[in-house]
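A structural walkthrough
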Amino acid sequence: MRYQIMTAALAVALPFAGPAAATDLEVTHWWTSGGEAAAVGEFAKAFDATGNHWVDGAIAGSGGTARPIMISRITGGDPMGATQFNHGRQAEELVQAGLMRDLTELATRDKWAEIVQPKSLLDGCTLDGKIYCVPVNIHSWQWLWLSNAAFEKAGVPVPKNWNEYVAAAPALEKAGIIPMALGGQPWQSSGAFDVLLTAVGGTDAFLKVYRDKDAEFAAGPEVAKVFKAADDARRMAKNTNVQDWNQATNLVISGKAGGQIMGDWAQGEFQVAGQTAGKDYTCLPGLGLNEVIATGGDAFYFPLLQDAEKSKAQEALAETLLDPKTQVAFNLKKGSLPVRGDIDLKAANDCMKKGLDILAKGSVMPWTDQLLSQDTQKQKEDLFSEFFAKPDMTVEEAQKRFADIVASAD
Amino acid sequence: MSKSERPNQLFRNLNAKVASIPMVLTALVIFVGGSAWTVLYSFTNSKLLPRLNFVGLDQYYRLWSTPRWLVSIENLLVYGVLSLVFSLVIGFILAALLDQKIRFEDTFRTIFLYPFALSFIVTGLVWQWLLNPEFGIQGVVRGLGWESFSFDPLYNSDIVIYGILIAALWQGTGLIMCLMLAGLRGIDEDIWKAARVDGIPTLKTYLFIIIPMMRPVFITALVIIAAGIVKVYDLVVAQTSGGPGIASEVPAKYVYDYMFFAQNLGQGFAASTMMLLSVVVVIVPWAYLEFGGKKRG
């Protein structure tokens, strides 16, 4: 992390070193895995083509590590030109404090309301009727990635949904394969539970718990079913000794693990490894039980700057991000879905096409980033990282504590 | 003392007093002021940005009903007591052994002190590898033929804190050893000669004569170790990031996580106030005994 702060500091210092022909704009983000870095390169290329210069401020170690650094730079009076956040409530207070730039004018001029699909994406960027961010992709958590080679080795057919997968776990184990890969970082176990809640409990159950914050329902029998599934997942994942999500994905890619519950950003890793969807790996949206796409994703926010030159460059960047060509190039590499409904993704692979179909059908739902505060998310992460790491923690105890968190959620 | 001399007391060593004003101001504004500000805001419901919206003791109620905080406190106690005891014991034994006029003393001293030159982050990463079941100690021993050998503290919730303790001791005992060695060297040769004349065994000489004479050194070592215990953070982050689950969380990490990850300053301030309180509870009686006692004597 220290190294990252150094690079961030260097990136700030650089604009003063070079000749000031093009406007340098520092962009911070946490896209550092192979597939992610390739995707963000597309943004940089497109932005440089506008005559400005993209100064890359990548912060390694996932959003959890990156966001505090970004926020402390903005609140500390050293804002970058633009920064990634997951749209929703992560930057809510920064916007309320007037630290972020209001993009409404630009949005009206470029008719964002018409081109951004589905509409709920722009809602995540809107506060009191004003638009503060540019959504760049749709990422949904609800995917199960399965290694075809692993199931072949275990001698069972590749499962078509979560229940079949659980049933196949003993066969996988017998063949010396970890049934399910789950990295040790807290956000992964918390996210995996949310996916189970959507898939096993259903969209309504998800909304009742996280949108309506119905603690009684969270303590009830329907959610108990979800905790039962989480208990299965815990047993299947107990031998994963890795931390990062992409290391866990790599276990699936190399056939050492049967599968992984992970968002569609895992797709980029399969692509970098040269694997083909359908042949080498299988993807099941909504764990094969409830095919929906959550409209979470990444967005760029623009801190309010005094420098007129840089403010102009911010506008150029905002336009570049939504440009149809950039959208295609970026999302193909990233494995995420584009935010525009009017572009053609011919090159999309099987899994992305599944996602686009679901999107076209309109089976979309909001995700936790939009519904819960960071505070509640963190408590949830603490609970589930403990639950998944501690085999002797009972399902009942976990559900009781979950209901308590929902009761005090904001 | 006559009355006319009194004003002189205030202006005596005037240069020195003027020169220390910046430090006095730093101490007052940054340390005392900052602490007071933190305590004040711990009674508010500040989220990402500090706001003066008082909610009484809510943050403290929540803090003490959070399982993660309780685990953190328990870990700090285990880690604190053990690291205090082992640092002092191992440090003293190493120093006593080095003090036997052995050959290559400089070399040994350098070897023992070297880990201290590494930051906690590097120490943590080194021990993360050493304790990794596939590549580290367990892997090597199994490779030698003991197939059932099992040593993976970092992946076992029940003993993970000891895995961190090992790394901390490896890094920190060298310094304690050097302090102790300096203390031992400060003991007059004649004391040893006198003890030998009286026929006191070496072990007893150490326990009943030398160690009591080294009290100031022990107190210095104690303060250095204790300060390291309360602020332990980077070692945990580098070795386990608090895992598996929340089994190796420590209070300082709770403070950081809730202030910056969870965007809940109020909760983080409440936790840091509790940390400050625990330090005060330990330091104040000790300082009173140590410094208050001297004035009387």
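Every chain's residues receive numbers from 1 upward, in the order its sequence appears when written. For this description, chains carry letters from A and ligands carry numbers from 1, given in the order in which they are written. For this predicted model, a pLDDT threshold of at least 70 governs which residues receive local features, and a threshold of 80 or more governs which side-chain atom pairs are given and counted, while totals over whole chains, interfaces and linings are taken from all residues. The basis for the side-chain values is all heavy atoms of the structure; hydrogens and waters are excluded.

Condition: UniProt positions are given in the numbering used here, feature names are shortened, and annotations may be inferred rather than shown by experiment.
Looking up chain B in an unreviewed UniProt entry gives the name Permease of ABC sugar transporter, with the organism given as Mesorhizobium delmotii. Word for word, the UniProt comment on chain B under Subcellular location (unreviewed entry) is "Cell membrane". UniProt annotates chain B under Sequence similarities (unreviewed entry) with the comment "Belongs to the binding-protein-dependent transport system permease family."

1. Quick word on the interface of chain A and chain B
To keep it simple, the criterion reads: In what follows, a contact means two residues having at least one pair of non-hydrogen atoms within 4.5 Å. Values labelled buried area give the accessible surface lost by two parts on being combined, using a 1.4 Å probe and summing over both. Note on definitions: salt bridges are taken to be side-chain nitrogens of Lys or Arg within 4 Å of carboxyl oxygens of Asp or Glu. Counting of polar contacts relies on pairs of N or O atoms within 3.5 Å, with two restrictions inside protein: one atom must be capable of donating a hydrogen and the other of accepting it, and residues adjacent in sequence are counted only when both atoms are side-chain atoms. Numbering of helices and strands runs from the N terminus, with a helix taken as a DSSP run of H or I at least four residues long and a strand as a DSSP run of E at least two residues long. Think of it as three bins: nonpolar holds Ala, Val, Leu, Ile, Met, Phe, Trp, Tyr, Cys and Pro, charged holds Asp, Glu, Lys and Arg, and polar takes everything else, Gly as well.
Taken together, the contacts link 25 residues of chain A with 23 residues of chain B. For the pair chain A and chain B, the two sides together bury roughly 2100 Å², of which 53% comes from carbon and sulfur. It is E93, D375 and K378 of chain A in chain A that bury the most area against chain B; as a group they hold 27% of the surface buried on that side. On the surface where chain A and chain B come into contact, there are six salt bridges. Here K47 of chain B makes a salt bridge to D410 of chain A, at a shortest N to O gap of 3.2 Å. Taken together, the links from chain A to chain B amount to 11 residue pairs in polar contact (both at pLDDT 80 or more). Those elements that place two or more of their residues in the side of chain A that touches chain B are α3 (62-75), α4 (92-96) and α20 (374-389) of chain A. The residue inventory of the side of chain A that touches chain B, partitioned by class, reads six nonpolar, 10 polar and nine charged.

2. Comments concerning empty space enclosed by the protein
Residues and elements named next belong to chain A. Spelled out, the test is: Put plainly, a pocket is an open set of points on a 1 Å grid over the protein atoms alone with protein on both sides within 12 Å along at least five of seven lines, a cavity is a set where a 1.4 Å probe fits but cannot get out, and a lining residue has an atom within 4 Å of a point. Grid points are joined across faces, edges and corners, and a volume is the space filled by probe spheres set on the points. Residue ranges for the domains originate in an automatic or database domain assignment.
In the structure shown here, the tally under the stated rule is two cavities of 30 Å³ or more. Quantified by volume, the largest cavity comes out at close to 60 Å³. In terms of lining residues, the largest cavity is bounded by W143, W145, D264, Q267, G335, L337, C351, M352 and G355. Those elements giving two or more residues to the lining of the largest cavity turn out to be β7 (143-147) and α18 (350-361). The greatest single-element share of the lining of the largest cavity, amounting to three residues, is contributed by α18. Looking at which domains feed residues into the lining of the largest cavity, each of domain 1 (2-138 + 295-362) and domain 2 (143-291 + 372-407) supplies at least three.

3. Observations concerning the sheet that holds strand β10 (residues 281-285) of chain A
Residues and elements named next belong to chain A. Using the following cut-off: Paired strands, as defined in this entry, are two strands with at least two bridges between them according to DSSP. Whenever a helix is involved, its axis is fitted only over the stretch in contact; in every case the axis is a line through C-alpha atoms, and angles between N-to-C directions fall within 0 to 180 degrees.
With mixed pairing, four strands are arranged side by side in an open sheet as β8-β9-β7-β10. At either margin of the open sheet sits one strand with a lone partner, and together these are β8 (178-181) and β10. Taken pair by pair, the neighbouring strands of this sheet meet at an average axis angle of 20°, ignoring direction. Taken together, the three bridges between β7 and strand β9 (residues 257-261) define a ladder with antiparallel strand orientation. Bridged to L144 within β9 is I261.

4. Focus: the UniProt feature "transmembrane region" (unreviewed entry) in chain B
Those residues carrying the UniProt feature "transmembrane region" (unreviewed entry) are residues 21-43, 76-98, 110-130, 159-184, 205-230 and 269-289 of chain B in this numbering. As a span, residues 110-130 of chain B carries 71% helix and 0% strand, and end to end its C-alpha atoms are 22 Å apart.

5. Quick look at the packing of helix α11 (residues 202-213) of chain B against helix α12 (residues 215-230) of chain B
All names here are of chain B. Our working rule: Working definition: roughly parallel below 35 degrees, roughly antiparallel above 145 degrees, roughly perpendicular at 65 to 115 degrees, and oblique for all remaining angles.
Following both chains from N to C, one finds α11 and α12 inclined at 70°, their axes separated by 5 Å at the closest point. In terms of their interaxial angle, α11 and α12 are classed as roughly perpendicular. Contacts between α11 and α12 involve I211, P212 and M213 from the former and R215, P216 and F218 from the latter. Its residues assigned to classes, the contact of α11 with α12 shows five nonpolar, no polar and one charged.

6. A look at the UniProt feature "domain: ABC transmembrane type-1" (unreviewed entry) in chain B
Taking the UniProt record as the reference, the feature "domain: ABC transmembrane type-1" (unreviewed entry) is found at residues 73-288 of chain B. Secondary structure across residues 73-288 of chain B comprises 73% helix and 0% strand; the distance between its end C-alpha atoms is 26 Å.

7. Comments concerning the side chain of S147 of chain A
All names here are of chain A. Rules: Think of it in three bands: residues with accessible area under 20% of the maximum for their type are buried, residues over 50% are exposed, and the middle band is partly exposed, with areas taken using a 1.4 Å probe on protein chains only.
By secondary structure assignment, the location of S147 is in strand β7. For S147, a relative accessible area of 3% gives the class buried. Here V252 takes part through its backbone oxygen, which lies 3.5 Å from a polar atom of the side chain of S147. Apart from residues no more than four positions distant in its own chain, S147 is found in contact with V252, G255, A257, G258 and D280.

8. Regarding the packing of aromatic side chains
Residues and elements named next belong to chain A. Rule in force here: Within 6.5 Å between ring centres, the rings of Phe, Tyr and Trp (the latter by its six-membered ring) count as paired, and their orientation is classed by plane angle as stacked under 30 degrees, edge-to-face over 60, tilted in between.
Considering all chains together, one arrives at 41 aromatic pairs over all chains under this definition. When the centroid spacing of 6.2 Å and the interplanar angle of 80° are considered together, the rings of Y210 and F402 count as edge-to-face. On the criterion of sequence distance, the pair formed by Y210 in helix α11 (residues 203-210) and F402 in helix α21 (residues 395-407) is long-range, its members being 192 residues apart. Like F402, Y210 is buried.

9. Section: the domain arrangement of chain B
All names here are of chain B. Each domain of chain B was delimited in the assignment, giving domain 1 (1-41) and domain 2 (58-296). A C-alpha centroid distance of 34 Å is found between domain 1 and domain 2. Each partner contributes to the interface: domain 1 provides five residues, whereas domain 2 provides five residues. In this assembly, domain 1 packs against domain 2 so that about 390 Å² is buried in total across both faces, 75% of it on carbon and sulfur atoms. The three residues of domain 1 that bury the most area against domain 2 are T38, V39 and Y41, which together make up 76% of that side's buried surface. Summed over the shared surface of domain 1 and domain 2, the result is zero salt bridges. Here domain 1 and domain 2 share zero residue pairs in polar contact (both at pLDDT 80 or more) between them. Tallied by class, residues from the side of domain 1 that touches domain 2 come to three nonpolar, two polar and no charged.

10. Structural notes on the side chain of D99 of chain B
Residues and elements named next belong to chain B. With respect to the helices and strands, D99 occurs in the loop between α5 (67-98) and α6 (105-113). A relative accessible area of 16% places D99 in the buried class. When sequence neighbours within four positions are dropped, the list of residues in contact with D99 reads L181, L184 and R185.

11. With respect to the sheet that holds strand β1 (residues 24-29) of chain A
All names here are of chain A. Strand order in this open sheet of five strands is β2-β1-β3-β12-β6, and the pairing throughout is mixed. Each having just a single partner strand, β2 (53-58) and β6 (133-135) make up the two edges of the open sheet. Each strand axis lies, on average, 30° off the axis of its neighbour in the sheet, ignoring direction. Alignment of β1 against β2, held across six bridges, turns out to be parallel. Pairing of H29 across the sheet is with A58, part of β2. Strands in contact with α3 are β1 and β3 (82-86); relative to β3, the strand with the most contacts, it is inclined by about 135°. Contacts between helix α16 (residues 308-322) and the sheet are confined to β1, β2, β3, β6 and β12 (298-301), with β1 contributing the most and set at about 55° to the helix.

12. Brief notes about the domain arrangement of chain A
All names here are of chain A. Taken domain by domain, chain A comprises domain 1 (2-138 + 295-362) and domain 2 (143-291 + 372-407). On the side of domain 2, 20 residues touch domain 1, which itself brings 21 residues to the contact. Buried surface at the junction of domain 1 and domain 2, both sides included, amounts to about 1600 Å², of which 51% is carbon and sulfur. When the area that domain 1 buries against domain 2 is broken down by residue, the three leading residues are R89, C351 and I358, summing to 30%. Inspection of the domain 1/domain 2 interface yields zero salt bridges. Listing elements by their share of the side of domain 1 that touches domain 2, those giving two or more residues are α2 (34-48), α3, α17 (324-334) and α18. Of the residues forming the side of domain 1 that touches domain 2, the biggest block, six residues, is contributed by α18. Of the residues assigned to the side of domain 1 that touches domain 2, the class counts are five nonpolar, nine polar and seven charged.

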